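# Per-entry structural report
As a plain string of letters, each chain reads:
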Amino acid sequence: MDAVLVINADLGPLHRVTVQHAIRMLCRRVAEIHEAEPDQLIGVFPMPRVVRLVRYVVTRWRFNAGPAWSRAGVLRRDGRRCAYCDAPASTVDHILPRSRGGRNTWKNTTAACYACNQRKGDRTPGEAGMPLRREPVTPGWAALAGR
């Protein structure tokens, strides 16, 4: 066994740590053993399978905010395909151009090939006569990690 599950004080799973890290948590008394391997000891402690934190840790940040915007994330979200012509994409295009107040957000950026990005220029897709093939969405953690 090389990983130990860490659960919150309310028994919600948080993450996994090494056995050494779990033993350090037990020594510092920030966690206690919730489940252990039978008949195996590490010093005075039973070999932990699951440790439970003594105090509750707030984890709202894990669930209410998606991943931060990044150029690589936009390309991954769109499968490296251009939103205008479906060719292989290597650039990120701002739907509302930055010069007009467009920001680096998931819903304002899309993957684009170099030719389409240059052709659209400093215009919106409607002004350039280049409709989007798919609307940009804010991805979840699983969507970015799974590709």
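Preceding block: the structure.
The model shown is predicted, which means the values in this text are computed figures rather than measured ones. (Residues numbered from 1 in each chain as written. Predicted model: local features only at pLDDT ≥ 70, side-chain atom pairs only at ≥ 80, totals over all residues. Heavy atoms only, no water.)

Once that is clear, we can look at the environment of L26. By secondary structure assignment, the location of L26 is in helix α1 (residues 19-27). Note on L26: relative accessible area 7%, which makes it buried. As for L26 and V54, which are separated by 28 residues in sequence, their C-alpha atoms are 9.9 Å apart. (Helix = DSSP H or I, 4+ residues; strand = E, 2+ residues; numbered from the N terminus. Buried < 20%, exposed > 50% of the residue type's maximum accessible area, 1.4 Å probe, protein only.)

In this section: the sheet that holds strand β3 (residues 31-42). The mixed open sheet is built from 4 strands, whose spatial order is β2-β1-β4-β3. Across the chains shown, the open sheet's two edge strands, defined by having one partner strand only, are β2 (13-18) and β3. For this sheet, the mean angle separating the axes of adjacent strands, direction not counted, is 30 degrees. Inspection of the sheet shows β3 paired to strand β4 (residues 45-53) by 7 bridges, in the antiparallel sense. Bridged to I33 within β4 is V51. (Pairing = 2+ DSSP bridges. Axes fitted to C-alpha atoms, helices over the stretch in contact; angles between N-to-C directions.)

Secondary-structure assignment places L132 in the loop between α5 (125-128) and α6 (141-145). Counting along the chain gives 47 residues from L132 to C85, while the straight-line C-alpha distance between them is 8.6 Å. What L132 contacts, discounting residues up to four positions off in sequence, is A83, Y84, I95, T110 and P125. (Contact = heavy atoms within 4.5 Å.)

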